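Chain by chain, the residues run as shown.
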Amino acid sequence: MSSLQLSAAAAPALAVPWRADARVMGLVGLAHGSSHFGHLLLPPLFPLLMLEFGLSFTDVGLLMTLFFAVSGLGQAASGFVVDRVGARPVLFASLLLFMGAALLASQADGYTTLLLVAALAGLGNASFHPVDFSILNQRVSASRLGHAYSVHGISGNLGWALAPVFLVGWSMLLDWRSAYLAAAGLYLLVFLLLLWQREHLQSEVLRRPAGAAAGSDLAFMRQSVVWWCFAFFLLTTLTLGVVQNYSASILKALHGVSLQAATLTLSAYMVCGALGMLAGGFVAAQARRSDWVVGASMAAGALLLLLAATGWLGGTGTMLLLAATGFAVGIAAPSRDLLIKQVTPKGATGRVYGTVYSGLDVGFAIAPLIFGVFMDRGWYAATLAGAGVVLLLSIGVALGVGRRSPLRR
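Residue positions are counted from 1 within each chain, in the order its sequence is given. Per-residue local features are limited, in this predicted model, to residues with pLDDT of at least 70; the limit for side-chain atom pairs, both in listing and counting, is 80 or more; totals at the level of whole chains, interfaces and linings are taken over all residues. Heavy atoms from the whole structure form the basis of all side-chain values; hydrogens and water molecules are not counted.

J.: A description of the overall build of the chain should follow, citing residues and the corresponding values.
T.: Every helix listed is a DSSP run of H or I at least four residues long, and every strand listed is a run of E at least two residues long, numbered separately from the N terminus. The helix and strand tally for the chain stands at 14 helices and 2 strands. Considering the chain as a whole, with its 409 residues, one finds that 55% of them fall into the buried category. Should any heavy atoms of two residues lie within 4.5 Å, those residues are considered in contact. If you take every contact in the chain between residues at least 6 apart in sequence, the share linking residues at least 24 apart comes to 85%. Note on classification: 1.4 Å probe, protein chains only; a residue is buried when its accessible area is under 20% of the maximum for its type, exposed when over 50%, partly exposed between these limits.

Here you go:
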């Protein structure tokens, strides 16, 4: 256990009114949605950028690899910064980085500029999970944290859903440069709103006790449970990477589904995932064991994916199975975040969440490297089955985290 301590009590009193907690949830949710919007700052406009600058699929793929590499490395490091200076200034800096990335994209004159955009956006994205969970864990009543994590997850899905509509819509109305200027304006509005409500976003700053041993900031990394959590995020994100990157192509290849219908299936997966997170908030608030909730949800999602891989239910049935998978996995999200909170040493929220959530970036970065080989060989059903097997593996990891938790919910 780290010897570092917070300067004040981290958990708010249970007497805090719902309105106060809901305000914090909403503000943090807005910030989280903004970060997920930034994940898709470039991909929706890849077709236009490829035409404009003569780029290949390999070129644009490297942009996202760079984004997640910078985000992953930065996320692990930003947790230390959040614990030292507080979440609020880091949040504001991240929003300004995203705004700068959008402005730079609007002035892009070649591939080098786009690489800089990807790196800048990745750096902006890096701090959001340490920031978000530091604020939520300190400012929201413990009895309402399940709902807080639910709102947090839903807002991320909504950010993913908004980005393509916003950017493509502006590009069709004017052009892609105007779309990025509009995105920069959107980030400015979010920044100003959160600046206005900044008193509700303050987190406690970590103070090192006199005589604390050198390297005590890194003590949490010696706890195996942290790396079990990291592995869980890596595995589950591999599955999400398959759905996001290849579900449309798989449906078209195996069942002759139109591109429009296949794309709608991905949107349905995200919407059902958000609904699952909403339900999962209530489940997390009542469940005695968070690890069992996570394990059961992942098992259901894995079975649905494996059934989809058989193709027995045809195109429409497979699309419905994928949407249902989103709901099953979504239920697990609030309990998953509670499980991480249970194994987080006092005063190390930013560092632990930063390290653990960097597994998400690693998963997104390597999913195309693994399953892209399957897709290139035409192993479409095997790709879906592989995603299901990965989810099955994540069950064991989630239960392993639960066994190492100091609290049994």
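Now, onward.
J.: Quick rundown of the environment of Phe-232? Include the residues and the values.
T.: Structurally, the position occupied by Phe-232 is in helix α9 (residues 224-255). Residues Phe-232 and Val-397, spaced 165 residues apart in sequence, show a C-alpha to C-alpha distance of 5.9 Å.

J.: Any chance you could break down the side chain of Ser-35 for me, citing the residues and the numbers?
T.: Here Ser-35 shows up in helix α1 (residues 18-39). Of the residues examined, Ser-35 reaches a relative accessible area of 2% and is grouped as buried. Residues in contact with Ser-35, not counting those within four places in the same chain, are Phe-98, Asn-125 and Phe-128.

J.: Help me get a handle on the packing of aromatic side chains, residues and values and all.
T.: Describing an aromatic ring pair means giving the distance of the ring centres and the angle of the ring planes. Aromatic pairing here means that ring centres of Phe, Tyr or Trp (its six-membered ring) are within 6.5 Å. Orientation follows from the plane angle: under 30 degrees is stacked, over 60 is edge-to-face, and everything else is tilted. A complete count under the given rule lists 12 aromatic pairs for this structure. Measuring from centroid to centroid gives 4.9 Å for Phe-67 and Phe-68, while their planes differ by 85°, and the two rings are edge-to-face. Overall, Phe-67 belongs to the buried group, its relative accessible area being 3%. Note on Phe-371 and Phe-374: the rings are 5.7 Å apart at their centroids and 65° apart in plane angle, and the pair reads as edge-to-face. With Phe-371 and Phe-374 both in helix α13 (residues 349-376), this residue pair falls 3 residues apart, about one helical turn. Judged by its relative accessible area of 23%, Phe-374 falls in the partly exposed class.

J.: An account of the pattern of salt bridges is requested, with residue identities and associated values reported.
T.: Side-chain pairs of opposite charge can arise where the charged atoms are in close proximity. Any Lys or Arg side-chain nitrogen found within 4 Å of a carboxyl oxygen on Asp or Glu counts as a salt bridge. Here the structure, examined in full by the defined rule, presents 1 salt bridge. Taking the shortest distance from any N to any O, the salt bridge between Arg-144 and Asp-21 comes out at 2.7 Å. Of this pair, Arg-144 sits in the loop between α6 (128-139) and α7 (145-173) while Asp-21 sits in helix α1, and the two are 123 residues apart along the sequence. Accessibility classification places Arg-144 together with Asp-21 in one group, the buried group.

J.: I'd love a proper account of the packing of α1 against α6, names of residues and values included.
T.: Where α1 contacts α6, the axes come no closer than 10 Å and their chain directions differ by 175°. Our classification of the angle between α1 and α6 gives roughly antiparallel. Across from Asp-21, Val-24, Met-25, Val-28, Ala-31, His-32 and Ser-35 in α1, the residues of α6 making contact are Phe-128, His-129, Asp-132, Ile-135, Leu-136 and Arg-139. Residues of the contact of α1 with α6, tallied by class, amount to 7 nonpolar, 3 polar and 3 charged. Axes here mean lines fitted to C-alpha atoms, for a helix over just the part in contact, with angles spanning 0 to 180 degrees between N-to-C directions. The cut-offs work like this: below 35 degrees is roughly parallel, past 145 is roughly antiparallel, 65 to 115 is roughly perpendicular, and the gaps in between are oblique. Classification used: nonpolar for Ala, Val, Leu, Ile, Met, Phe, Trp, Tyr, Cys and Pro, charged for Asp, Glu, Lys and Arg, polar for all others including Gly.

J.: So what about the environment of Leu-303? Which residues, and what values?
T.: Note that Leu-303 resides in helix α11 (residues 290-310). Taking the C-alpha atoms as reference points, Leu-303 and Leu-391, separated by 88 residues in sequence, lie 9.0 Å from one another.

J.: Go over the packing of α1 against helix α4 (residues 87-106), please, and point to the residues and values.
T.: Taken N-terminus to C-terminus, the directions of α1 and α4 make an angle of 30°; their axes are 11 Å apart at the nearest point. On the basis of their axis angle, the class for α1 and α4 is roughly parallel. Handedness of the α1/α4 crossing: left-handed. Counting all contacts with α1, which are made through Ala-31, Ser-34, Ser-35 and Gly-38, the residues of α4 involved are Leu-91, Leu-95 and Phe-98. The class makeup of the residues in the contact of α1 with α4 is 4 nonpolar, 3 polar and no charged. Definitions for this section: a left-handed crossing has its near helix turned counterclockwise from the far helix by less than a right angle. A right-handed crossing has that turn clockwise.

J.: Requested: an account of α4, with residues and values cited.
T.: Take the residue count of a helix, subtract one, and multiply by 1.5 Å to get its expected span. For α4, built from 20 residues, the straight-helix expectation of 28 Å at 1.5 Å per residue is met to within 8% by its first-to-last C-alpha distance of 29 Å. Buried within α4 are the following residues: Ala-87, Val-90, Leu-91, Phe-92, Ser-94, Leu-95, Phe-98, Met-99, Ala-101, Ala-102, Ala-105 and Ser-106.

J.: Let's hear about the nonpolar core: which residues, and what values?
T.: As used in this record, nonpolar core signifies buried Ala, Val, Leu, Ile, Met, Phe, Trp, Tyr and Cys residues forming a set joined through side-chain atoms within 4.5 Å. Leu-42, Leu-49, Leu-91, Tyr-180 and Leu-194 are the most contacted members of the largest nonpolar core, which has 107 residues in total. Sorting elements by how many residues they give to this core places α9 first, with 15 residues.

J.: I'd like a description of a nonpolar patch on the surface, backed by residues and values.
T.: Patch membership is restricted to residues that have no salt bridge and whose relative accessible area is over 30%. Joining uses 9 Å for like charges and 5 Å for the nonpolar side chains Val, Leu, Ile, Met, Phe, Trp and Tyr. Note on areas: Shrake-Rupley with a 1.4 Å probe; residue coverage comes only from the protein chains shown. A cluster of nonpolar side chains, Val-271, Leu-275, Leu-278, Phe-282 and Phe-327, forms an exposed patch at the surface whose accessible area comes to about 480 Å². Here the nonpolar patch takes 4 residues from helix α10 (residues 259-286), the largest share from any one element. Position of Phe-282 among the secondary structure elements: in helix α10.

J.: So, α7: which residues are in play, and what are the values?
T.: An α-helix turns once every 3.6 residues. As a result, residues three or four positions apart point the same way. End to end, α7 covers 41 Å across 29 residues, agreeing with the expected 42 Å (1.5 Å per residue, within 8%). We define the bend at each residue as the angle formed by axes fitted to the 7 residues ending at it and the 7 residues starting at it. Of all the bends in α7, the greatest reaches close to 25° and is centred on Leu-162; the proline Pro-164 follows between one and four positions later.

J.: Give a description of the confidence of the model for the chain that names residues and reports values.
T.: Looking at the chain as a whole, the pLDDT averages 80, with 86% of positions reaching at least 70. Confidence of the predictor at the level of single residues is given by pLDDT, which spans 0 to 100. Across residues 1-14, where pLDDT falls below 50, the model places 39 contacts with residues more than four positions away in sequence or in other chains.

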